[in-house]
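Take a look at the letters that make up each chain.
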Amino acid sequence: MSALRRLGWTPVLCGVPLVAVVACAALGSWLVPDATRQDMALGVVKAGSAGHLLGTDKLGRDIFQLSIAGARSAVVGPVCIAIGSMVLGVLLGTLAGYRGGWLDIGLSKYADLLLAMPTTLVALVVAGLVGGGYWVTVAVLMVLFSPTDIRLVRSAVMTQVTRPYIESAKVLGLADRRIMFRHILPNVAPVALATMLLNVAFALVGMSALSFLGLGVGPGEPDWGRQLSDARKLLVANPAAVIAPGALIIVTAAAINLLGDWVQERAERSARQR
Amino acid sequence: MSAALDVAGLRVTAPAGVLVESLDLRVDPGRTLAIVGESGSGKSMTAKAIIGLLPAGVTATGTVRVGTATVQLGGDQRVLAGLRGTRIGLLLQNPFTSLSPVHRCGAQLAAALPAAARTAAEVERRLGEVDLPGRVARMYPFELSGGMRQRVALAASLASDPDVLIGDEPTTALDVTTQREVLDLLAGLQRDRRMALVLITHDLGVARERADDLVVMYAGRGVERGAAEALFGGPRHPYTAALRDSDPPLDHRVARLPTLPGSVPRSWEITAGCAFAARCARAAARCRTDAPVEAPAGAGRTVSCWFPLMEDDLAMGSAAAQPADEPPATATVDGGAPLVRVAGLTRRFGGDAPPALDDVSIRIDRGEAVGVVGESGSGKTTLARCLVGLEHPDGGRIDWSAAGPRHRLVQIVFQDPASALNPAMSVGAALGEAASRGDGRRSVGDLLDLVGLPAGYARRRPAALSGGEQQRVAIARALAPDPLLLICDEAVSSLDVSVQAQILNLLGDLHRRLGLAVLFITHDLAVVRQVATRLYVLRAGRVVEDGPTESVLGAPADAYTRALFASVPGGHAVDGRGEGRVDG
Ligand SMILES: Nc1ncnc2c1ncn2[C@@H]1O[C@H](COP(=O)(O)OP(=O)(O)OP(=O)(O)O)[C@@H](O)[C@H]1O
Ligand code: SF4
Ligand SMILES: [Mg+2]
């Protein structure tokens with residue numbers, strides 16, 4: 001009770017759906033091994049009919065099972081994107097914020113350039129050049145997400161470098177690498193972690209949008225964005241085929257977002273109290 | 001006359017226990033009440049309880065009466081919220097925490113004004129009231145100096161024309177000259193508006209000079225109250241006397257500042273007897289069993305002590321702080337050969353701004369304690385930063401007579417203990433890392449011992465230390481590589497007088513024992529008098545006067561030194577012992 005009082009409802013309300021999604025992602029192939037089995041003879045049926053809780057799509061695949069199986073691509077890619085772009089962000093942002101000078105200017109220009117790129121268009125072009133695929137999309141989004149992370153880490157680092165404890169470390173003649181990674185990094189980590197969470201949500205929406213355009217997962221693979229685009233024409237035949245993946249994307253992204261905001265707020269508060 | 005603010009039976013409780021115990025306060029319109037006491041004595045919690053801004057989990061009971069409105073604390077918080085910002089204003093130490101960094105000052109001031117008065121003209125008038133030009137409205141807080149920021153914060157806290165203003169260390173972050181300006185401004189506004197002021201401060205000089213009445217707080221309790229002049233002149237409570245005595249006098253040097261052993265106990269740890277008993281030289285058996293009751297002690301005074309000090313005790317008490325005849329001992333090594341010579345040092349920031357350092361030449365001998373004084377912006381810190389290599393001079397030379405890497409020659413201790421240590425690193429890790437930069441002679445245990453901290457502190461995080469303890473750790477870290485020169489840049493300015501006395505004594509001991517040269521940078525002339533043999537007075541980047549401390553402070557030749565001298569709050573007979581302030 002007192003833990004709930006201290007932390008509030010946000011982590012609980014957001015945690016429940018997220019744990020469920022992550023569990024589905026991890027156990028999906030065990031829970032619903034036949035999720036992608038087609039039943040052309042059956043075709044599309046409405047929710048509730050013939051033992052299909054959410055009905056089927058036009059290939060006769062069970063929407064409920066498919067949605068569970070789709071959790072994997074909804075979790076793995078976005079998490080990789082968020083981690084990868086934050087690793088880039090931490091490495092380059094720390095260098096830029098700590099070293100300053102031409103390195104900072106160069107990295108900022110690089111970040112501006114990437115920020116100016118239209119995400120979808122770049123993904124389309126890259127897919128055209130090297131062939132599409134889930135991991136190509138993940139890599140492209142990773143790079144395109146990094147400039148905001150670089151900027152964030154850079155400004156967090158810059159608030160630290162003028163603090164007396166960093167100056168004392170310099171006066172002690174410590175190596176720059178040590179100052180950056182032993183002294184500064186632990187103090188920007190909370191903010192970086194919170195941003196990483198937020199990025200997972202953005203990446204999920206981004207990946208889903210690209211899958212919707214046919215750029216993400218291969219045809220036939222379970223994926224919420226793909227499901228949405230496949231089921232576009234079934235809005236009348238089985239509305240659940242559209243609603244289920246759509247709702248999943250929205251709920252998951254919103255839960256991650258709220259949780260990220262909550263973590264960020266706490267991180268900022270604890271940073272202020274220092 | 002009815003009181004502007006009347007607080008009765010205030011009790012503040014945190015999950016861990018009671019923070020403030022049955023406290024009464026009363027201020028009349030136009031008067032100033034100062035609350036003094038060491039860090040952790042509950043001053044800020046009292047202010048927060050009165051204004052209804054307690055942190056989550058902390059609750060208050062008692063009665064707050066503002067003019068004719070009475071609020072029962074612990075009841076409906078909205079009533080208090082209504083008073084806050086209309087009848088009571090709050091001014092904090094660090095304007096950075098009360099002003100938003102991303103909004104212009106004008107917008108922030110407007111937001112604090114009553115809806116009907118949110119006009120540009122009103123904002124400008126309000127800025128004028130605190131002696132700021134109208135253009136400040138379009139500026140961001142970070143574009144302003146510390147004093148200007150505090151004026152903006154003051155204007156915002158006065159926006160709703162409160163009857164009572166509570167200032168929690170409102171001028172602690174400012175240098176003496178700016179502090180004097182802000183305090184004068186406050187006094188003027190107070191007169192014009194007949195506003196009551198509750199001034200929370202750890203600076204006894206400020207309290208003495210500015211307050212009509214005084215409440216001395218200790219471990220969440222009011223231990224002595226009465227007219228400020230009477231309390232300073234003849235304290236009855238041993239704690240008041242100890243606080244007063246540990247404040248370094250401006251007009252003479254004492255061999256060793258009297259200190260208070262230990263620190264303020266957590267108020268909830270006091271189960272029986274007097275809260276001060278563990279640190280009190282007069283404590284007797286009764287003090288440990290029965291809590292003293294508040295008893296009248298002369299005109300308008302009360303004291304909570306079983307054995308209050310009397311006139312003859314006072315005479316004896318101050319014997320501890322007899323003036324020292326000889327100047328501070330200089331632990332001269334190598335016959336006072338210069339350790340470092342700075343010649344013609346110049347540093348300018350930005351194009352047409354006046355240089356921060358303009359042809360500065362100083363000398364520090366081995367084992368010598370040298371002071372640098374001057375107000376903020378005079379270049380003191382730039383000089384220190386050039387010496388340790390954090391800043392690169394545009395011209396001039398710094399010649400060390402000793403060989404070795406710079407970090408073995410000089411180390412520095414900064415002003416703010418809270419940010420001096422890496423919050424993510426334990427004390428032991430920080431000291432171990434620093435010791436590895438020396439020749440490995442010093443262990444973490446030795447270093448803690450050197451600054452008088454128990455070895456168990458190695459496992460603690462900085463957040464679990466008091467300000468004075470953090471500063472000790474910062475000193476230990478600076479001493480770890482065995483430097484020949486220790487620079488203290490306002491190293492005691494943000495500490496309580498009691499802790500300040502401990503740190504000053506500690507620095508004096510280290511200076512003598514280790515043969516360490518010390519460069520003491522401060523705006524506090526009383527402090528520098530206690531520690532430095534020679535003095536440089538810096539103004540606008542230039543050395544305007546230098547010489548032995550006693551002769552510079554005894555007969556300041558430069559008009560600026562004299563002005564600096566006059567700005568020291570309570571500068572006349574600071575300790576009630578010495579008479580006659582030095583007039584050049
Ligand atoms: N949020 C909190 N929860 C519980 N206890 C707290 C909290 N904040 C402060 N305290 C404790 O309350 C006591 C009084 O703190 P307070 O900040 O009022 O002291 P203070 O006299 O203002 O000190 P300073 O001169 O350092 O500002 C201390 O023991 C402190 O550790
Ligand atoms: S009551 Fe006793 S312990 Fe407390 S201050 Fe007085 S003499 Fe000291
Ligand atoms: Mg306080």
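Parameters and conventions
- Residues numbered from 1 in each chain as written.
- Chains lettered and ligands numbered in written order.
- Predicted model: local features only at pLDDT ≥ 70, side-chain atom pairs only at ≥ 80, totals over all residues.
- Heavy atoms only, no water.
- Core = buried A, V, L, I, M, F, W, Y, C linked by side-chain atoms within 4.5 Å.
- Buried < 20%, exposed > 50% of the residue type's maximum accessible area, 1.4 Å probe, protein only.
- Helix = DSSP H or I, 4+ residues; strand = E, 2+ residues; numbered from the N terminus.
- Contact = heavy atoms within 4.5 Å.
- Near = heavy atom within 4 Å.
- Nonpolar A, V, L, I, M, F, W, Y, C, P; charged D, E, K, R; others polar.
- Domains from an automatic or database assignment.
- Buried area = accessible area lost by both parts, 1.4 Å probe.
- Salt bridge = Lys/Arg side-chain N within 4 Å of Asp/Glu carboxyl O.
- Polar contact = N/O pair within 3.5 Å; in protein donor to acceptor, adjacent residues only side chain to side chain.
- Axes fitted to C-alpha atoms, helices over the stretch in contact; angles between N-to-C directions.
- Parallel < 35°, antiparallel > 145°, perpendicular 65-115°, else oblique.
- Left-handed = near helix turned anticlockwise from the far one by under 90°.
- pLDDT = per-residue confidence, 0-100.
- Pairing = 2+ DSSP bridges.
- Phe/Tyr/Trp six-rings, centres within 6.5 Å; stacked < 30°, edge-to-face > 60°.
- Right-handed = clockwise from strand over helix to strand, strands pointing away.
- Lys, Arg positive; Asp, Glu negative; His and termini not counted.

*Asks:* Any chance you could explain the nonpolar core here in plain terms?
*Replies:* As a rule of thumb, nonpolar side chains are buried together in soluble globular proteins. Ranked by internal contacts, the top residues of the largest apolar core, which has 58 residues, are A:I184, B:I475, B:L486 and B:F520. For this core, the element with the highest residue contribution is helix α19 (residues 497–514) of chain B, accounting for 7 residues. Here B:I475 is in contact with B:V413, B:V451, B:I503, B:L506, B:L507 and B:L510, once residues within four sequence places are set aside. Listed in part, the 32 residues of the second largest apolar core include B:L25, B:A49, B:I166 and B:V215.

*Asks:* What is the right way to read unusual backbone geometry from this model?
*Replies:* All names here are of chain B. Positive phi is not limited to glycine here, since D131 has a value of about 60°. Following the sequence through the fold, D131 ends up in the loop between α5 (120–129) and α6 (146–157). With a phi angle near 45°, A540 is a residue other than glycine that sits in the positive phi range. Position of A540 among the secondary structure elements: in the loop between β20 (534–539) and β21 (542–548). Under the relative-accessibility criterion, A540 is labelled exposed at 52%.

*Asks:* I would appreciate a short explanation of the site of ligand 2 in the present structure.
*Replies:* Taken together, 13 residues sit near ligand 2, with B:C274, B:C280, B:C287, B:C305 and B:W306 positioned nearest. In the shell around ligand 2, the residues fall into 11 nonpolar, 1 polar and 1 charged.

*Asks:* How should the domain arrangement of chain B be read in this particular structure?
*Replies:* When the parts of a complex come together, some accessible area is lost, and that lost area is often used as the size of the interface. Residues and elements named next belong to chain B. For chain B, the assigned domains are domain 1 (5–211), domain 2 (233–321) and domain 3 (340–567). A straight line from the C-alpha centre of domain 2 to that of domain 3 covers 32 Å. Between domain 2 and domain 3, the residue contacts involve 16 residues of the former and 16 residues of the latter. With both sides pooled, the region where domain 2 packs onto domain 3 buries about 1400 Å², and carbon together with sulfur makes up 54% of that total. The interface formed by domain 2 and domain 3 includes 1 salt bridge. Across the pair R256 and D509 runs a salt bridge, and its minimum N-O distance is 3.2 Å. Between domain 2 and domain 3 we count 5 residue pairs in polar contact (both at pLDDT 80 or more) in total. Grouping the constituent residues of the side of domain 2 that touches domain 3 by class yields 8 nonpolar, 4 polar and 4 charged.

*Asks:* What exactly am I supposed to notice about the packing of helix α5 (residues 119–130) of chain A against helix α6 (residues 134–161) of chain A here?
*Replies:* Two packed helices can be described by the angle between their axes and the distance between those axes. All names here are of chain A. Axis separation between α5 and α6 bottoms out at 10 Å; the angle between their running directions is 140°. The angle between α5 and α6 places the two elements in the oblique class. Handedness of the α5/α6 crossing: right-handed. Contacts between α5 and α6 pair T119, V122, A123, V126 and V130 from the former with V136, V140, L141 and L144 from the latter.

*Asks:* So what exactly am I meant to see when it comes to the confidence of the model for chain B here?
*Replies:* Residues and elements named next belong to chain B. Averaged over chain B, the pLDDT score is 83; the fraction of residues at 70 or greater is 90%. Low pLDDT, under 50, characterises residues 330–334; the stretch is placed with 13 contacts to residues that sit more than four places away or in other chains. Low pLDDT, under 50, characterises residues 572–584; the predicted model gives this stretch 31 contacts beyond four residues in sequence or across chains. Scoring of the predicted complex yields 0.73 for pTM and 0.77 for ipTM.

*Asks:* What should I look at first to understand the interface of chain A and chain B in this one?
*Replies:* Each partner contributes residues to the interface: chain A has 15 residues there, and chain B has 21 residues. A buried area of about 1700 Å², summed over both sides, lies between chain A and chain B, and 61% of it is on carbon and sulfur atoms. At the junction of chain A and chain B, the tally comes to 2 salt bridges. Notably, a salt bridge pairs B:R385 with A:E167, separated by 2.5 Å at the nearest N-O pair. Along the contact surface separating chain A from chain B lie 10 residue pairs in polar contact (both at pLDDT 80 or more). Elements with a minimum of two residues in the side of chain A that touches chain B: α7 (164–171) and α8 (176–212) of chain A. The element best represented in the side of chain A that touches chain B is α7(A), accounting for 6 residues.

*Asks:* Can you help me understand the sheet that holds strand β17 (residues 410–413) of chain B in this one?
*Replies:* Strand pairing in a sheet is mediated by backbone hydrogen bonds. Such pairs are either parallel or antiparallel. Residue and element names in this part refer to chain B. What the 6 strands build is an open sheet, ordered β17-β18-β19-β15-β20-β21; its pairing is mixed. Sheet topology places β17 and β21 at the edges, where each strand pairs with a single neighbour. Mean inter-strand twist for the sheet, computed between neighbouring axes without regard to direction, equals 20°. One ladder, built from 5 bridges, connects strand β15 (residues 369–373) with strand β19 (residues 517–522); its direction is parallel. Its bridge partner lying in β19, G371 is registered against F520.

*Asks:* Is there a simple way to think about the packing of aromatic side chains in this case?
*Replies:* Where two aromatic rings form a pair, the distance of their centres and the angle of their planes describe that pair. All names here are of chain B. Per the counting criterion, the structure on display carries 4 aromatic pairs over all chains. Here the aromatic rings of Y218 and F276 are separated by 5.0 Å at their centres, their planes lie at 85°, and the arrangement is edge-to-face. With Y218 in strand β9 (residues 213–218) and F276 in the loop between α10 (238–246) and α11 (285–289), this pair connects stretches of sequence that are 58 residues apart. The class for Y218 is buried, based on a relative accessible area of 0%. Seen in terms of ring centroids, Y239 and F276 are 5.2 Å apart; in terms of plane orientation they differ by 65°. Their pairing is edge-to-face. Residue Y239 is found in helix α10, and its partner F276 is found in the loop between α10 and α11; the two are separated by 37 residues along the sequence. Joined through ring pairs, the aromatic side chains of Y218, Y239 and F276 make up one cluster.

*Asks:* Explain the pairing of β19(B) here, please?
*Replies:* Note on strand geometry: in a regular strand, side chains alternate between the two faces of the sheet. Residue and element names in this part refer to chain B. Across the 6 residues of β19, 6 count as buried, placing the element largely inside the fold. Looking at chain direction, strand β18 (residues 485–489) and β19 are connected through 5 bridges and run parallel. Residue pairing for β19: C488 is matched across the bridge by F520. Of the crossover connections in this fold, the one passing from β18 over α19 to the parallel β19 is right-handed.

*Asks:* Would you take a moment to explain the side chain of B:R472 for this structure?
*Replies:* All names here are of chain B. In this structure, R472 sits in helix α18 (residues 467–479). Buried within the structure, R472 lacks any salt-bridge partner; E469 is the closest side chain of opposite charge, at an N-O distance of 7.0 Å. At a separation of 2.7 Å, a polar atom in the side chain of R472 contacts the main-chain carbonyl oxygen of V451. The contact partners of R472, leaving out residues within four places of it in the chain, are V451, G452, L453, Q502, I503 and L506.

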